[in-house]
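Structural description and commentary
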Amino acid sequence: MIILVLQGICIVLLVFGVLFSLLELRTRLDRSFLYFGIVIMLLAAFSAIDLWRPHQVWWSSLQHILYFFIVPCIVWYLMILTKSKNILIIKGLLFIGLVFSFLVFGGFMFVQEDGFVGTKALYQVTVAPYIILSILYINYLIVHKLRHLSASERKSLFFHLIGFLLLSICGIMDLLILFRTDLALNLPSYTIFGVIGLSAILSYSFADRLILIINEREKSFAKLQMAYKELEEARSLSELGKSSAIINHEVRNYATVILGFAELLKYNTALNDGLRPIVEKIIMSINRLTEFSNEMLDFSKAKILKEKKPLNICELICHCVHDYFPNRIDSFAFINMDQDTTVYGDRKKLEQVFLNMFRNSFEAQATRVVVKIIDAPFVKLIAIEDDGVGCNFENLKNIFNAFYTSQKKTGTGLGLSIARSIIEGHGGHINVASKNFLPHNEHGLIFSITFPAYQEAEQEIDFKDSSTVLIKKNIDYLEAVVKTFRNVRIMPDIIQDISDFRPEQLSSSNVTIIGNPDTIREINERYSDCCCFSVASSEGNGLYVEGNRDGLYNGVFCEEFVVSHMGLANS
């Protein structure tokens, strides 16, 4: 009865191996699924010989030949899993397997005695030590890599260690039976139980991994749907841009005619005082229509950048303030504006950007606008901070969308859209954060505009910041955090949780750690010398950051924080 049960389990394992292999071949989810399926099928075939054809020399010989090639397959599989491939070792194991296979076929290993399969002296001095050494090496591969992997990878490898230890113990028990027959069970072999245990453990591990991959695919599909939706919106705007020149030409023609007649009526002496206000409203409406037409034209041309020229961005901003806001100069505060910060672009288009930005601040009732330039070796950052009314989370999400405006009476909703299009056309990025979410009752917006730094006119610089560690576990709005880093061309070391720290990182006093408040609290308890910042979301869904020591930055999480407070800005 037990044999029948074991045979059924063996068939199930063989089916499992086939399913995992076919799954990978059809879906291309993860290559390790294919290797796992092959290993399970080979182990099931190895056990099947003991269950269906025990105590026969020919079948025992075939079983051992199978084992000689299972070993390099398992080693190859573990090397793929642990990212430590060594082709020379695999070739060596295959060569040993071939030599042993010839010896087995030549009848130098086994002998049939009284209905049982016995081993010769050559087997005991060559194959038996090889089996023990191969078992030790397989387990060494797993143990050696355990401490160098992330928490999620370590979990999977730990399951492998348990399974292979169980298989190793059972295999060694079968070897001992060669020397002490009193240890034998009334069953074909111990190895069958090791194979069953290993297969069950690894099947659970891979099932868990499969669920994780499916969940990630679902998230990716959701992002793809969102991207497709944005693409459709962009396509609509593209069509609008293509036809805007013709529309604007016609609008201006009719507007010019209407405005001309309205001006004649306004100064006509026969016009009574009751009708004069109506004519003035007509003139005002025509002027607004013309202004809207001009904005539409600017929006359609925003991404057309024919050539880039070196510009002193500090000088450009100062000229924009003096030319367009002469009565509000006292409302501006400039930081680091006395330096020569060069960007490559179109002067007229960039002037339009800052005109729209400053106008937007004053329309939001700002009394003070702070413009700060940060000249870093990898990015040029312009931070524009005002003390206007700010906005809530819903407005913040849509602030750069075309035709979206909180100024229902006067705004067209194109100013910030035009600004974003121009900046992106220059290879830069623009982002916004609201001070309304801070726990200090502040209000206003912080716009961060970044331009790529160049060694030469066409050669951009990227920056790899290995001293900054982002622990992504339980961080709210992780995508917004990563986007902020990406906007300033910084690539932090992103890990899942605190257990994924490398020992050399923990011992370094220069490392900066960013994580959710609970994670940072745990780090402070363990490593008091680390420079840590906790990123949290307020009730309004805005991101703010707090340092773990006095004197560290506390405020809005934005590009200025990333560049200025991690030692990355030029002194």
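Quick look at the structure, then. In this text, all values refer to a predicted model and were calculated from it rather than measured experimentally.

Further remarks concern the overall build of the protein. Each helix and strand counted, the protein has 16 helices and 17 strands in total. Burial statistics for the protein: of 571 residues in total, 43% are counted as buried. For the protein, the share of sequence-separated contacts (at least 6 apart) that also reach a separation of at least 24 residues comes to 65%. As displayed, the protein offers around 30,600 Å² of accessible surface, 58% of which is attributable to carbon and sulfur atoms.

We now examine the packing of helix 3 (residues 57-82) against helix 5 (residues 121-146). Between helix 3 and helix 5, the least distance of the axes is 10 Å, while the angle of their chain directions is 15°. One way to sum up the angle between helix 3 and helix 5 is to call them roughly parallel. Of the two possible hands of crossing, helix 3 and helix 5 adopt the one that is left-handed. Contact residues: helix 3 offers His64, Tyr67, Phe68, Val71, Ile74, Val75, Leu78, Met79 and Thr82, while helix 5 offers Tyr123, Val127, Tyr130, Ile131, Ser134, Ile135, Tyr137, Ile138, Leu141, Ile142 and Lys145. In the contact of helix 3 with helix 5, the residues fall into 16 nonpolar, three polar and one charged.

Below, the discussion takes up the sheet that holds strand 7 (residues 379-386). With mixed pairing, the five strands of this open sheet are ordered in space as 4-6-7-9-8. What marks the edges here is a single partner per strand, and that holds for strand 4 (332-335) and strand 8 (429-434). Here the strands of the sheet are splayed against their neighbours by 15° on average, with no regard to which way each runs. Pairing of strand 7 with strand 9 (residues 445-452) involves seven bridges; the strand directions are antiparallel. In the strand pairing of strand 9, Ile384 is matched with Phe447.

Let's shift gears to the packing of helix 3 against helix 4 (residues 87-105). The contact between helix 3 and helix 4 brings their axes to 9 Å, and the two run at 175°. Taken together, the axis directions place helix 3 and helix 4 in an arrangement best described as roughly antiparallel. Taking contact as the criterion, the partners of Ser61, Ile65, Phe68, Phe69, Val71, Pro72, Val75, Trp76 and Met79 in helix 3 are, on helix 4, Ile87, Ile89, Ile90, Leu93, Leu94, Gly97, Leu98, Phe100, Ser101, Val104 and Phe105. Its residues assigned to classes, the contact of helix 3 with helix 4 shows 17 nonpolar, three polar and no charged.

Bringing helix 9 (residues 313-324) into the picture now. With twelve residues, helix 9 should reach 16 Å at 1.5 Å per residue; the first-to-last C-alpha distance of 16 Å fits that figure. For helix 9, the set of buried residues is Ile313, Cys314, Leu316, Ile317, Cys320 and Val321. Looking straight down helix 9, one finds its buried side chains confined to an arc of 165°; they lie on one side. Packed against the buried residues of helix 9 are strand 3 (309-312), strand 4, strand 5 (342-345), helix 10 (347-363), strand 6 (369-375) and strand 7. Between a side-chain oxygen at the N-terminus of helix 9 and the backbone nitrogen of Cys314 the separation is 3.1 Å; the capping residue is Asn312.

Okay, helix 15 (residues 517-526) next. Along helix 15, the residues that are buried comprise Thr519, Ile520 and Ile523. Buried residues of helix 15, viewed axially, fall in a sector of 95°; they line one side. Across helix 15 from its buried face, at more than 90 degrees, point the exposed residues Asp518 and Glu525.

This next bit is on a nonpolar patch on the surface. There is a patch of nonpolar side chains on the surface, built from Tyr254, Ile258, Leu275, Ile278 and Ile282 and spanning about 480 Å² of accessible area. Elements supplying a minimum of two residues to the nonpolar patch: helix 7 (191-266) and helix 8 (276-301). With respect to the element layout, Tyr254 can be found in helix 7. Using a relative accessible area of 57% as the deciding quantity, one classes Tyr254 as exposed.

What follows concerns the environment of Ile317. By the secondary structure assignment, Ile317 is in helix 9. Owing to a relative accessible area of 0%, Ile317 belongs among the buried residues under this scheme. The spatial distance from the C-alpha of Ile317 to the C-alpha of Phe334 is 9.8 Å, given a sequence separation of 17 residues.

Tallying each qualifying case throughout the model produces one cavity of 30 Å³ or more. Each pocket or cavity is described by its volume, and for the largest cavity that value is around 40 Å³. Contributions of two or more residues to the lining of the largest cavity are made by helix 1 (2-27), helix 2 (31-52) and helix 7. No other element matches the four residues that helix 1 contributes to the lining of the largest cavity. Tallied by class, the residues present in the lining of the largest cavity amount to eight nonpolar, one polar and no charged.

A few words now on the pairing of strand 6. Walk down a regular strand and you will see the side chains alternate between the two sheet faces. The buried count for strand 6 comes to six of seven residues, which makes it a mostly enclosed element. Relative to strand 6, strand 4 runs parallel, the two being bridged by four bridges. Bridge pairing in strand 6 links Ala333 to Val370. Taken together, the seven bridges between strand 6 and strand 7 define a ladder with antiparallel strand orientation.

Before going further, it helps to spend a moment on unusual backbone geometry. Not every positive phi belongs to a glycine, and Asn336 is a case in point at roughly 60°. Tracing the sequence through the fold places Asn336 in the loop between strand 4 and strand 5. Phi at Gln365 takes a positive value of approximately 70°, unusual for a residue other than glycine. Looking at the secondary structure, you find Gln365 in the loop between helix 10 and strand 6. Its relative accessible area of 60% is what places Gln365 among the exposed residues.

A few words on the side chain of Gln7. Checked against the element boundaries, Gln7 lands in helix 1. Gln7 sits in the buried class, given a relative accessible area of 13%. In this view, Gln7 contacts Leu51 and Trp52; residues no more than four positions away in its chain are not counted.

Our next topic: the nonpolar core. Tyr67, Val75, Tyr77, Leu78 and Phe164 are the most contacted members of the largest nonpolar core, which totals 55 residues. Beyond its immediate sequence surroundings of up to four residues, Val75 is in contact with Ile90, Leu93, Tyr137, Ile138 and Leu141. Val343, Leu355, Met357 and Ile384 belong to the second largest nonpolar core, which has 39 residues in total.

So, how was this worked out
Residues numbered from 1 in each chain as written. Predicted model: local features only at pLDDT ≥ 70, side-chain atom pairs only at ≥ 80, totals over all residues. Heavy atoms only, no water. Helix = DSSP H or I, 4+ residues; strand = E, 2+ residues; numbered from the N terminus. Buried < 20%, exposed > 50% of the residue type's maximum accessible area, 1.4 Å probe, protein only. Contact = heavy atoms within 4.5 Å. Areas by Shrake-Rupley, 256 points an atom, 1.4 Å probe, with all protein chains shown as cover. Axes fitted to C-alpha atoms, helices over the stretch in contact; angles between N-to-C directions. Parallel < 35°, antiparallel > 145°, perpendicular 65-115°, else oblique. Left-handed = near helix turned anticlockwise from the far one by under 90°. Nonpolar A, V, L, I, M, F, W, Y, C, P; charged D, E, K, R; others polar. Pairing = 2+ DSSP bridges. Expected span 1.5 Å × (residues − 1). Arc of directions from axis to C-beta. Polar contact = N/O pair within 3.5 Å; in protein donor to acceptor, adjacent residues only side chain to side chain. Patch = residues over 30% accessible without salt bridge, like charges linked within 9 Å, V, L, I, M, F, W, Y side chains within 5 Å. Salt bridge = Lys/Arg side-chain N within 4 Å of Asp/Glu carboxyl O. 1 Å grid on protein atoms, 1.4 Å probe; cavity = no way out; pocket = protein on both sides within 12 Å on 5 of 7 lines; lining within 4 Å. Points joined across faces, edges and corners; volume = space filled by probe spheres on them. Core = buried A, V, L, I, M, F, W, Y, C linked by side-chain atoms within 4.5 Å.

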